[in-house]
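The primary structure of each chain is shown beneath.
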Amino acid sequence: METQVIRNELNSPMLKWLNDDNLHDELISIFQEIKILTGAIMHTGESLHLQVRVLKLFLLSAPQFITLTTNEIRHAFYLNNQGEFDEVYRHYNKELNAEFMGDVLRAYLKYKQDIYRKTGDEIKAMIDPPAEAPRLVKPSEAEYQMIIQRDYNSYLAGALEFIFVSNGVYSLLRRYGAIQLHSRQHWHKLIGYAISERMRLANASMFKKDAWEKENILRLKGIYDRYQLEGWVPPEEFKMIIHTVHKNQYFRFFKTMQYFNIKNIFTEIKCK
């Protein structure tokens, strides 16, 4: 058990090393695994989107958690269920939230600290650690196809909150010709649609929204109030506009597949 704890520290990336795409995919996978393991509840619809976002921000805002690796976070919840910590934190049929995750991860950090104090140096000496931080391997074309099919299955099921279009997925569909830009004017039109969508979000009703979401909407509203006066947005918001363009084209591609009753994209359609 002690050896596995240290291996988990060495054989997967820390949260702080992951880019936005990889971080989102890893955390979605982790949350789903915790749900199955513990019986915790994941919401649906807009509430699920907010739940995932808040848990992500909770982990990233905690210095002690952002240095944990993805495998360590997974293993922590198995250790909790196995009774390896001073206390077993149970969460069956309760909302997966920051309190539960924080309790388990703090217990894991104490457990890990005890291992290092007792036998960590000897165990680590037996393991060949990497000379530098592990580098993420770019997914292969076949793996990108699997991601696209997984997202399409979510689209057909109406689970849009779990779909996140990455640059790699978008680039592959562009290369296949499944997503096309016909002209510079077409691109500007898509940007305009995305800006309108972001402006609608900025003017969304504050009714029944929590304090964090209200603050985010007010920040976005300030950006677009200035945009209407000055005609520009900050670089980070422009990235969100581009992401919105990619997302809209991704969903339009799925809508076309659904219209033609395609079930398995890359077995029913030949791509080059």
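Residues numbered from 1 in each chain as written. Predicted model: local features only at pLDDT ≥ 70, side-chain atom pairs only at ≥ 80, totals over all residues. Heavy atoms only, no water.

Chemist: Just give me the short version of the pattern of salt bridges, but keep the residues and values in it.
Modeler: Counting across every chain of the model gives 13 salt bridges. Measuring nitrogen to oxygen at the nearest pair gives 3.3 Å for the salt bridge that ties glutamate 236 to lysine 239. Taken as a pair, glutamate 236 and lysine 239 lie in helix 11 (residues 235-259) at a separation of 3 residues, close to a single helical turn. Lysine 239 carries the same exposure label as glutamate 236, and that label is exposed. Salt bridges here are not isolated pairs; linked through shared partners, they connect Glu9, Glu72 and Lys112. (Salt bridge = Lys/Arg side-chain N within 4 Å of Asp/Glu carboxyl O. Helix = DSSP H or I, 4+ residues; strand = E, 2+ residues; numbered from the N terminus. Buried < 20%, exposed > 50% of the residue type's maximum accessible area, 1.4 Å probe, protein only.)

Chemist: Please give an account of the packing of helix 8 (residues 167-176) against helix 11 that cites residues and values.
Modeler: Relative to each other, helix 8 and helix 11 sit at 55 degrees, their axes nearing to 11 Å. By the angle between their axes, helix 8 is oblique relative to helix 11. Helix 8 and helix 11 meet at a crossing whose hand is left-handed. The segment helix 8 lies against helix 11, with Asn167, Val169, Tyr170 and Leu173 engaging His246, Gln249, Tyr250 and Phe253. Tallied by class, the residues present in the contact of helix 8 with helix 11 amount to 5 nonpolar, 3 polar and no charged. (Axes fitted to C-alpha atoms, helices over the stretch in contact; angles between N-to-C directions. Parallel < 35°, antiparallel > 145°, perpendicular 65-115°, else oblique. Left-handed = near helix turned anticlockwise from the far one by under 90°. Contact = heavy atoms within 4.5 Å. Nonpolar A, V, L, I, M, F, W, Y, C, P; charged D, E, K, R; others polar.)

Chemist: Could you give me a rundown of the environment of lysine 35, with the residues and numbers involved?
Modeler: Considering the arrangement of structural elements, one finds lysine 35 in helix 2 (residues 20-38). The class of lysine 35 is partly exposed, set by a relative accessible area of 40%. Each C-alpha atom, one on lysine 35 and one on histidine 91, is 9.4 Å from the other, the two residues being 56 residues apart in sequence.

Chemist: Explain the nonpolar core to me, using residue names and the numbers behind them.
Modeler: Ranked by internal contacts, the top residues of the largest apolar core, which has 34 residues, are Phe31, Leu59, Phe77, Leu96, Met101 and Leu105. Mapped by element, the contributors of at least two residues to this core are helix 1 (2-10), helix 2, helix 3 (45-60), helix 5 (70-81) and helix 6 (98-126). In terms of residue count, the dominant contributor to this core is helix 6 (8 residues). With sequence-adjacent residues up to four places away left out, leucine 105 is seen in contact with Leu59, Phe65, Leu68, Ile73, Ala76 and Phe77. By size, the runner-up hydrophobic cluster in this structure holds 21 residues, among which are Tyr144, Tyr155, Ile163 and Val169. (Core = buried A, V, L, I, M, F, W, Y, C linked by side-chain atoms within 4.5 Å.)

Chemist: Just give me the short version of helix 8, but keep the residues and values in it.
Modeler: Note that an α-helix has 3.6 residues per turn; residues three or four places apart therefore point the same way. For helix 8, the full list of buried residues reads Gly168, Val169, Tyr170, Leu172, Leu173 and Tyr176. Against the buried residues of helix 8 lie helix 7 (141-157), helix 11 and helix 12 (265-268). Once helix 8 ends, the next one or two residues include glycine 177, with phi positive near 85 degrees.

Chemist: Go over the side chain of arginine 74, please, and point to the residues and values.
Modeler: As for its position among the elements, arginine 74 is in helix 5. Assessed through its relative accessible area of 17%, arginine 74 is described here as buried. At 3.5 Å, the side chain of arginine 74 and the side chain of glutamate 26 are in polar contact. In this structure, arginine 74 is in contact with Glu26, Ser29, Ile30 and Glu33, ignoring residues within four places of it in sequence. (Polar contact = N/O pair within 3.5 Å; in protein donor to acceptor, adjacent residues only side chain to side chain.)

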